[in-house]
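# A closer look at the structure
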Amino acid sequence: QIKDVIALNTNENPFPLPEEVVITLAERLRGVIADLNRYPDRDATTLRTKLAHYISQSTGVEVTLDNIWAANGSNEILQTLFLACGGADHLALGFSPSYSVHPLIAQITKTPWFAGSRDGDFAIDIPKAKALIREKSPHLVFVTTPNNPSGTSTSISDLKELAEATGSVGGLLVIDEAYAEFSTEPSAVALLADFPHVVVVRTMSKAFAFAGARTGYLVAKPAVVHAALITRLPYHLSTLTQVAAETALEFTPAMQSEIELIIAERDRVGNALTEVGYRAVPSAANFILFSGFKGESAQVWQAFLDRGILIRDIGLRGFLRVTIGAPAENEQFIAALREIAE
Ligand code: PMP
């Protein structure tokens, strides 16, 4: 967290909330403030109903509140899953490089973690992955799609194969879809009908531009929701968070109105990276992983920072990741890029 820079490092949505949402949100929060002496709805019933409606509408797969669990960001959802289904004798398996918080939460919940690999294009080699799942018999398998940090997607047919393999060893397949709304791939929620051991993890931090409100959720069979109920803390989701997220969901089209612009800007930034001779990994998310620069990642990261632009060195040698910002921010990133690549 560095002040007075263009922050293109944490895959946030760069656009502030629309004014109409700000006004209604302020009114709704005002309406519940006097009641903050009381604990919140500990089952977040209204919020989960609205999330179920959003998922049903956006994926075409009918789900109800019994299929949804909500928490303070999808990181808390991940932790809840690890607490419920992980532990010292419960192996978790992922495909690196991927979201670094998965192995981190494994570590703090004392869950052994096995890092499978991705190929040179950051795709999961499905026959290899299936063989690995059968060999290791993990309790938990993690797939992030679109993947962070690569931005690449795993197709629904590949996910289906991984679901079959994970089911055959009695494990749970956790599909982290934090960036799903930026992708054209169908959601893995479609797999729930045939694969009761699939859990889809979602967030309002990215496409809903609601990172500061901290709302994430999972979509799964009711048995998984019941497991989450065992390990959640009582009253974990504040009344303020619940009301804020419920209101945001009522304004879904307005909250998501910048997705198309972000995708167009992603193409523009991608083209700019290619034009200077760098390699931009094809992204289905709101960020781009790139390589092909001269020097070490840390030096190039510093060169951008020296020009007032904070991007992310994700610890992958020869690569850096840039979040797609608002057009003016991307303009400045591109200007810095051209200088650095000269
Ligand atoms: N999953 C992935 C793949 C992410 O990239 C992120 C955020 N960086 C998260 C989950 C967590 O997001 P949040 O806790 O804000 O919902």
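Quick look at the structure, then. Just so we're clear, the structure is a prediction, and the values are computed from it rather than from any experiment. (Residues numbered from 1 in each chain as written. Predicted model: local features only at pLDDT ≥ 70, side-chain atom pairs only at ≥ 80, totals over all residues. Heavy atoms only, no water.)

For the bond running from Ser-96 to Pro-97, omega is -5°, close enough to zero to count as cis. Here the residue pair Asn-148 and Pro-149 is connected by a cis peptide bond, since its omega of 20° sits within 30 degrees of zero. Tracing the backbone through its elements, the reader meets Pro-149 in the loop between strand 5 (140–144) and helix 6 (156–168). Although it is not a glycine, Lys-110 sits at a positive phi angle of roughly 60°. Here Ser-137, not a glycine, exhibits a phi torsion of approximately 45°, which is positive. Along the polypeptide, Ser-137 turns up in the loop between helix 5 (126–136) and strand 5. (Helix = DSSP H or I, 4+ residues; strand = E, 2+ residues; numbered from the N terminus.)

Along its 15 residues, helix 12 (residues 327–341) runs 21 Å from first to last C-alpha, staying within 8% of the 21 Å computed at 1.5 Å per residue. Buried within helix 12 we find Asn-330, Phe-333, Ile-334, Ala-336, Leu-337, Ile-340 and Ala-341. Down the axis of helix 12, the smallest arc covering the buried residues is 165°, so these residues share one side. Contacts from the buried residues of helix 12 go to helix 10 (259–275), strand 10 (287–291), helix 11 (297–306), strand 11 (309–310) and strand 12 (319–323). (Expected span 1.5 Å × (residues − 1). Buried < 20%, exposed > 50% of the residue type's maximum accessible area, 1.4 Å probe, protein only. Arc of directions from axis to C-beta. Contact = heavy atoms within 4.5 Å.)

As a further point, take the pattern of salt bridges. Close approach of charged atoms lets side chains of opposite charge pair. Tallied over the entire structure, the rule returns 13 salt bridges. Between Asp-121 and Arg-279 there is a salt bridge, and its shortest N-O distance comes to 3.5 Å. With Asp-121 in the loop between strand 4 (113–117) and helix 5 and Arg-279 in strand 9 (residues 279–280), this residue pair connects regions lying 158 residues apart in the sequence. On the accessibility criterion, Asp-121 (52% relative accessible area) is exposed. Between Arg-268 and Glu-265 there is a salt bridge, with its nearest N and O atoms 2.9 Å apart. (Salt bridge = Lys/Arg side-chain N within 4 Å of Asp/Glu carboxyl O.)

Okay, helix 4 (residues 101–108) next. Structural remark: α-helix, 3.6 residues per turn; residues separated by three or four positions point the same way. Within helix 4, burial applies to Val-101, His-102, Ile-105 and Ala-106. Summarising the axial view, the buried residues of helix 4 lie within an arc of 145°, below the 170-degree limit, and thus occupy one face. Exposed side of helix 4, more than 90 degrees from the buried face: Gln-107 and Ile-108 are the residues found there. The inward-facing, buried residues of helix 4 contact helix 3 (73–85), strand 4, strand 5 and strand 6 (172–176). Positive backbone phi, approximately 60°, marks Lys-110, located one or two places after helix 4.

In this section: the sheet that holds strand 3 (residues 92–96). Strand pairing within a sheet occurs via backbone hydrogen bonds; the two strands may be parallel or antiparallel. Read across the sheet, seven strands follow the order 2-8-7-6-5-3-4 without closing on themselves; strand pairing throughout is mixed. Since the sheet does not close on itself, it has two edges, and those belong to strand 2 (68–71) and strand 4, each with one partner. Put simply, the sheet's adjacent strands are angled 25° from each other on average, direction ignored. Note: strand 6 against strand 7 (residues 198–203), four bridges, orientation parallel. The partner of Leu-173 across the bridge, within strand 7, is Val-198. The sheet contacts of helix 2 (residues 45–59) involve strand 2, strand 7 and strand 8 (216–219), and relative to strand 2 the element is tilted by about 120°. (Pairing = 2+ DSSP bridges. Axes fitted to C-alpha atoms, helices over the stretch in contact; angles between N-to-C directions.)

Counting buried residues along strand 5, five of its five residues qualify, which places the element largely inside the surrounding structure. Alternating positions in strand 5 separate into two faces, Leu-140, Phe-142 and Thr-144 on one and Val-141 and Val-143 on the other, with burial throughout. Direction of pairing for strand 3 relative to strand 5: parallel, over a ladder of two bridges. By the bridge assignment for strand 5, Leu-93 is matched with Val-141. Relative to strand 6, strand 5 runs parallel, the two sharing five bridges. Residue pairing in the sheet places Thr-144 in a bridge with Asp-176 of strand 6. Crossover handedness for the path strand 5 to helix 6 to strand 6: right-handed. (Right-handed = clockwise from strand over helix to strand, strands pointing away.)

The next point concerns the site of the ligand. Near the ligand there are 13 residues, and of these Ser-74, Asp-176, Tyr-179, Thr-203 and Ser-205 occur at the shortest range. Within the backbone of Ser-74, an N or O atom sits 2.7 Å from an oxygen atom of the ligand. Taking 400 Å² as the accessible area of the ligand by itself, protein coverage stands at 92%. If you tally residues by element for the shell around the ligand, the top one is helix 3, at three residues. (Near = heavy atom within 4 Å. Polar contact = N/O pair within 3.5 Å; in protein donor to acceptor, adjacent residues only side chain to side chain. Areas by Shrake-Rupley, 256 points an atom, 1.4 Å probe, with all protein chains shown as cover.)

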